Amino acid sequence: MSFSNADTIFALATPPGVSAIAVIRISGVSALRVPHLFGVEASVPRTAKRVFLKDDRGIILDDVMLLGFAAPASATGEDVLEIHCHGSVAVIEDILGVLAKTEGFRPAEAGEFTRRALDNGKMDITAAEGLADLIEAETTLQRRQASAQMTGQLSRPVGFWREEIARLLAHLEALIDFADEELPEALRQEIEADTAKLCAALETALDDQRFGEIIRNGLSVVIAGPVNAGKSTLMNLLAGRNAAIVSDTEGTTRDVIEVRLTLSGIPVRLADTAGFRETADNIEAEGILRAQTEINTADLVLLVIDGSQPGWAETADKMCQEFGSPYLIIASKSDKGLVAADLDEDGYFSADLTQSKTAQKIEAALHSYLAPLNQANQTPIITRARHRDAFAAALVRLQHSQTLSWEGDIALIAEDYRRAASALGRITGHIDVEELLDHIFSRFCIGK
Amino acid sequence: MSQKFDVIVIGGGHAGTEAAAAAARMGAATALVTIAVDKIGEMSCNPAIGGLGKGQLVREIDALDGLMGQAIDKAGIQFRMLNKSRGPAVQGPRAQADRKLYRNAVQELLASQDNLQIIEGAVGDLSTENGQITGIITEDGRHIYAPSVVLTTGTFLGGLIHLGTERTPAGRFGERPSLQLAKRLRGLGLPVGRLKTGTPARLNGRTIDWDRLVMQPADDILVPFSSLTQRIEVPQISCGITRTNEKTHQIISDSIHLSAVYSGQIEGQGPRYCPSIEDKIHRFADKSSHQIFLEPEGLDDSTVYPNGISTSLPRDVQSALIATIEGLEKTEILQFGYAIEYDFIDPRALAPTLELKALKGLFLAGQINGTTGYEEAAAQGLIAGINASLHCNPSAKAADGFILDRADAYIGVMVDDLVTKGAPEPYRMFTSRAEYRLHLRADNADQRLTDKGLEIGCIGPVRSRHWTDKKTALSAARRLLSSQPKGPNVVAAAGLPTPRDGSMRTPADLLALEGVGLTQLFEIWPELATIPEPLHNQLETDCRYAGYLERQQADIDAMRRDDAVKIPAHLNISAIGGLSSESKDLLARYQPQTIGQASRIPGMTPAAVVALLRHLRKISSAGDGQPRPISASFSL
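Residues numbered from 1 in each chain as written. Chains lettered and ligands numbered in written order. Predicted model: local features only at pLDDT ≥ 70, side-chain atom pairs only at ≥ 80, totals over all residues. Heavy atoms only, no water.

## Brief notes about the environment of B:E329
Residues and elements named next belong to chain B. Following the sequence through the fold, E329 ends up in the loop between α8 (315-323) and β20 (333-335). A relative accessible area of 34% means that E329 is categorised as partly exposed. Spatially, the C-alpha atoms of E329 and E295 are 17 Å apart, while their sequence positions differ by 34 residues. Here the side chain of E329 touches R212 through a polar contact of 2.9 Å, side chain to side chain. (Helix = DSSP H or I, 4+ residues; strand = E, 2+ residues; numbered from the N terminus. Buried < 20%, exposed > 50% of the residue type's maximum accessible area, 1.4 Å probe, protein only. Polar contact = N/O pair within 3.5 Å; in protein donor to acceptor, adjacent residues only side chain to side chain.)

## As for the sheet that holds strand β5 (residues 80-87) of chain A
All names here are of chain A. Spatial ordering of the open sheet is given by β3-β4-β5-β2-β1-β6, a layout of six strands whose pairing is mixed. Because the sheet does not close on itself, it has two edges, and the strands there are β3 (48-54) and β6 (105-107). Taken over all neighbouring pairs, the strand axes of this sheet differ in orientation by 30° on average, direction set aside. In terms of strand pairing, strand β1 (residues 8-12) meets strand β2 (residues 19-27) through four bridges, oriented antiparallel. The residue bridging L12 from the neighbouring strand is I24, located in β2. (Pairing = 2+ DSSP bridges. Axes fitted to C-alpha atoms, helices over the stretch in contact; angles between N-to-C directions.)

## A word on unusual backbone geometry
In this structure, the amide linkage connecting A:A71 to the following residue, A:P72, adopts the cis form with an omega of 0°. Summarising the element assignment, A:P72 is placed in the loop between β4 (60-69) and β5. Of note in this structure, B:L354 is not a glycine but carries a positive phi near 75°. Mapped onto the fold, B:L354 is located in the loop between β21 (338-345) and β22 (362-364). Overall, B:L354 belongs to the buried group, its relative accessible area being 0%.

## Here's the deal with the nonpolar core
Within the largest apolar cluster, 97 residues are counted, with the highest numbers of intra-cluster contacts made by B:I8, B:I49, B:Y102, B:I136, B:L362, B:I386 and B:I411. Ranked by residues supplied to this core, first place goes to helix α9 (residues 374-391) of chain B with 10 residues. (Core = buried A, V, L, I, M, F, W, Y, C linked by side-chain atoms within 4.5 Å.)

## Details of the interface of chain A and chain B
At the junction of the two partners, chain A supplies 46 residues and chain B supplies 51 residues. Summed over both sides, the interface of chain A with chain B buries roughly 4,300 Å², with 50% coming from carbon and sulfur. Scanning the region where chain A abuts chain B turns up four salt bridges. Our enumeration of links across chain A and chain B arrives at 14 residue pairs in polar contact (both at pLDDT 80 or more). Listed by contribution, the elements that provide at least two residues to the side of chain A that touches chain B are α3 (112-119), α6 (155-177), α13 (385-403), α14 (410-428) and α15 (433-443) of chain A. When the residues that make up the side of chain A that touches chain B are grouped by side-chain class, the tally is 19 nonpolar, nine polar and 18 charged. (Contact = heavy atoms within 4.5 Å. Buried area = accessible area lost by both parts, 1.4 Å probe. Salt bridge = Lys/Arg side-chain N within 4 Å of Asp/Glu carboxyl O. Nonpolar A, V, L, I, M, F, W, Y, C, P; charged D, E, K, R; others polar.)

## Focus on α9(B)
Counted at 1.5 Å a residue, the expected span for α9(B) with its 18 residues is 26 Å, and the 25 Å between its end C-alpha atoms agrees. The element α9(B) is largely enclosed, with a buried count of 17 among its 18 residues. (Expected span 1.5 Å × (residues − 1).)

## Points about the pattern of salt bridges
Residues and elements named next belong to chain B. Per the stated rule, a full pass over the model turns up 53 salt bridges over all chains. Put simply, R103 and E42 hold a salt bridge, and the shortest N to O gap is 2.8 Å. In this pair, R103 sits in helix α4 (residues 99-111) while E42 sits in the loop between β3 (30-34) and β4 (48-50), placing the two residues 61 residues apart along the sequence. Accessibility assignment for this pair places R103 and E42 in one class, buried. Where D65 meets R463, a salt bridge forms, and the shortest distance between an N and an O atom there is 2.6 Å. In this pair, D65 sits in the loop between α2 (54-63) and α3 (68-75) while R463 sits in helix α12 (residues 461-481), placing the two residues 398 residues apart along the sequence. Exposure remark for D65: the relative accessible area of 8% places this residue in the buried category. Ionic contacts of the salt-bridge type, sharing partners, join the residues R406, D416, D417, K421, E435, D563 and R600 into one network.

## Here's the deal with the packing of aromatic side chains
Working definition: an aromatic ring pair is given by the centre-to-centre distance plus the angle between the planes. What the rule picks out here adds up to four aromatic pairs over all chains. Between B:F79 and B:F225 the ring centres are 6.0 Å apart and the planes differ by 50°, which places this aromatic pair in the tilted class. Taken together, the residues B:F79 in strand β5 (residues 76-82) and B:F225 in the loop between β16 (214-216) and β17 (239-243) connect sequence positions 146 residues apart. For the pair B:F79 and B:F225, one class covers both residues: buried. Ring centres of B:Y273 and B:F430 lie 5.3 Å apart, and the angle between their planes is 80°; this geometry places the pair in the edge-to-face category. You can see B:Y273 sitting in the loop between α6 (246-255) and α7 (277-283) and its partner B:F430 sitting in the loop between α10 (410-421) and α11 (445-456), a full 157 residues away along the chain. Connected via pairs of aromatic rings, a cluster forms that spans A:F178, B:Y273 and B:F430. The ring of B:Y590 has B:R348 sitting right over it, with the charged end atom 4.5 Å from the ring centre. B:R551 extends its terminal NZ or CZ atom over the ring of B:Y548, reaching a point 5.4 Å from the ring centre. (Phe/Tyr/Trp six-rings, centres within 6.5 Å; stacked < 30°, edge-to-face > 60°. Lys NZ or Arg CZ within 6 Å of the ring centre and 35° of its normal.)

## Observations regarding the packing of α2(B) against α3(B)
Residue and element names in this part refer to chain B. Direction vectors running N to C along α2 and α3 enclose 115°, while the axes themselves pass 7 Å from each other. Comparing their axes, α3 and α2 come out roughly perpendicular. In this structure, α2 uses V58, I61 and D62 to contact α3, whose residues at the interface are M68, G69 and Q70. Here the residues of the contact of α2 with α3 sort into three nonpolar, two polar and one charged. (Parallel < 35°, antiparallel > 145°, perpendicular 65-115°, else oblique.)

## Quick word on the pairing of β17(B)
Residues and elements named next belong to chain B. Burial within β17 is extensive, with four of its five residues counted as buried. Of the pairings in the sheet, the one linking β17 to strand β18 (residues 291-298) comprises four bridges and is antiparallel in character. Bridge assignment links T242 to a residue of β18, and that residue is I292.

## A closer look at the sheet that holds strand β13 (residues 166-169) of chain B
Residues and elements named next belong to chain B. Within the open sheet, the four strands sit side by side as β13-β12-β21-β14. Their pairing is antiparallel. At either margin of the open sheet sits one strand with a lone partner, and together these are β13 and β14 (192-199). Going from strand to strand, the sheet's axes swing by 25° on average, the running direction of each strand aside. Sheet topology places strand β12 (residues 160-163) next to β13; four bridges connect them, and they run antiparallel.

## Considerations on the confidence of the model for chain A
Residues and elements named next belong to chain A. For chain A, the average pLDDT comes to 76, and 71% of its residues sit at 70 or higher. Mean pLDDT per element in chain A: strand β8 (residues 248-249) is the minimum at 38, and β5 is the maximum at 91. This model gives residues 241-254 a pLDDT under 50, and the stretch forms 29 contacts once residues within four places in sequence are excluded. (pLDDT = per-residue confidence, 0-100.)

## Looking at the side chain of B:T331
All names here are of chain B. Residue position: T331 is located in the loop between α8 and β20. For T331, a relative accessible area of 13% gives the class buried. From its side chain, T331 meets the backbone oxygen of T207 in a polar contact 3.1 Å long.

## Remarks on the pairing of strand β8 (residues 123-129) of chain B
Residues and elements named next belong to chain B. Examined bridge by bridge, β8 and strand β9 (residues 132-138) share six bridges and lie antiparallel to one another. Across the sheet, the residue bridging to E129 is Q132, located in β9. From the end of β8 to the start of β9, which pair antiparallel, there are two residues, and N130 there has a positive phi angle of about 50°.

## Topic: the confidence of the model for chain B
All names here are of chain B. Averaged over all residues, the pLDDT of chain B equals 89, while 96% of them reach at least 70. In the predicted structure, residues 623-636 sits below a pLDDT of 50 and forms 31 contacts with residues beyond four places in sequence or in another chain. The complex prediction reports pTM at 0.76, with the ipTM value standing at 0.86.

Take a look at the structure:
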């Protein structure tokens, strides 16, 4: 890697390909000099200007709009220029070509605009993560969540929690370091009460059925079942009906095939797994093992079983007992007869996978499972496993502190708060002792 | 006339005496140069040693065979263990001192020290050659040579006393300051700043109405500071407690504009944790009363130090306000309180050995580095003295000097804080400054440090023998504690808490449980009775904290990895990619020497540290001999 902030970086900010308008973004010390490279004399900061860009022979490249931002009032904190040109591959290539051969300019590395913004204090890490998610957002819900995070949905409550932990820890440290001073008598009760409130807030935030992460990463739905039950048929049926397939990755390294699609506005990663059966084949055994892992970490398992075989319900029940995840049972091949009677029970379907309306039926079931997530009126606070781990660790420490006796060793209570503070600090920046001392000296009259 | 030494120490306060004694213990021919020989070991302010965080420092000084612990054990007239009920990690021994006994004890210890000569004189100049110190010149023209000089000027460097609107140049009350040296240091281009501190009036104890006051006695069991002290033999006294009242506050509010601090006369920053009484009343107006401890300054000295009312108000106001306080209505004032401003050198100009980066061989310790407190000064003196002696001995083993880190000692925490963050206000130790507080305890200072001291040679023969014996006893005890596991039935039969997991437990496992003490285990394991009683507390604490300490070890390892990644001295900061201008400013201003230090700079973002690491990795893979960074304890 050879990053240098001395360089002015540029990149196409809109998706490649033909479009009505494309935006090229340029950031760095020479960004506002760019119009001159195209034979345009224009002072661009804080204006939107329509100009004609020309190549080095004076031939007009395109009719564009320039948007200029002078540092530090820009997205990256540096001078920034946006060229809104026509979305023609040739025009874009020509403009980028001119920039690339100009000294001091280079194409941006992945994420470099964001990194510069972060370095220049334009956003905190959680906001930067929100921005990255916004760029990658595939669905409306994802976009809504990402923009909420960018505008501080995460950093606001987390900032408040951090402030609370710092304050509580400062009070505890005051009880230790200034034990011979006259501290308020109710300090301990205050710490206990506020800790309980903070724990409740963290618990609420954590108790969100991982909705934020599901939206961000997609709901993992795994199709499982014995061989030849119709798993792949189901997969194709669901995938084929949905125009919103974003990508499908062939399982080259593992025997799991994954398709991404959108159901009820929620991205779903639909995975087809190797069928269960006793096997002596090592490779196939490995595939089955992987399928097991997939199943146990899934948000939802669709168990497909041949409904025309007598005793299928018992087999299915037996299999489901092994699952560590919620499941729906789909009795397939209903066109071939049998399929048991107790279909009205929750979680059982009969399905003729040769009929396209079967897909509708299953989707409706999936929808009813997903709908509660979609209707959540509050945007979730936690959208990443990294955040969840930190909050959970902080909560565990705070809860542990509540089990310790104040009559005994309060250094151990403080130790729990210190660990809680450092866990939250991993998201929000660490809590320095000077910050604690500020709290202490501004609240208590300390010193002789 | 001229003389030659290995190490010259300037100043006979708490930093100077430790520095001189340490250098001499290390075998360096040492001179202690001080303005007044009879004032060596003087306590300028509050006559007490130890306290929270500070008591730990004294134990650490003692573990490295320093003077302070031994001296206070011979001079302490009220021993108290602070935070007795708050857990072993945060307990701090403290003792009120008899000022004269303390001074005598320090002077006796120095007199019995080989390799040490004491010279009376005021130092006026430093001699240098090619960016290396070569010696000192006294104001009366004597030239004394040495390749290492330790400067411990306390509040004497450009000292200025404020009393009301009066201003008097002085180092302590009635003692002249070092003005010529102050000018010389400013001339060296060192970053010099001003700090201030204050002291209360001194009272005549015979005129205090003690009968009306609440008295605070010494502890029943007197715990010495030094591990060499068998028992405390000094008689113990009680301190009185009284309070300010609304009348006191009224007088102060009416005259606050006359205080040197509030009239804008003082430019130096004072400590927030040691406010003057006018500060307290101004900032906490809703508090109607403040506590005052009346601390006798000696057994046969009637002077009393009223702890809690330091002030720079004019004399008549001081008299009036003291007369409003219960028990002090008719009290005679022996010396008025004052504020003192003095020069300090921004300690970011120092390496962690306390040597100036810009002038080889010149070491600074104590208040000159922006700290406050005897213990903080003494601890720095010790480190500076050891390193000054290593500096003039090129064959010494510790080529990079003797550096303790944040997981070794409070001393390490303090030195790292100073050289990394500077001293925006006078620096005092608190236990909250120590990340690894459960490990850095007053009770285990010798286990943490004495072997390190032996390695570099700063431990004398007496302590060396004493420590070897203790170490043997400790390891024998540890062996006993971790062997002979017993089942739950045996444990339950002895009436001890028995977790219902059916597993076998060693004595150490049981000691980890709340409320279990070593003596309770004798019934099951009679051989434990052979463990010497003085070791009990410490072993119990080790077992109780074992789980926490294990977890902390991972953090310590990460910190040490980051501290091991050196930042080259002449790093081109502008060449570091992905760094904001704020972060570049911080790096330029603080000049961290390691990634660990960089990460501890206030305001340094994790992202900036990662950018710095990435840059170091880049230049190290370019093959310039830089160690390859292993990790940073950050993740984005």
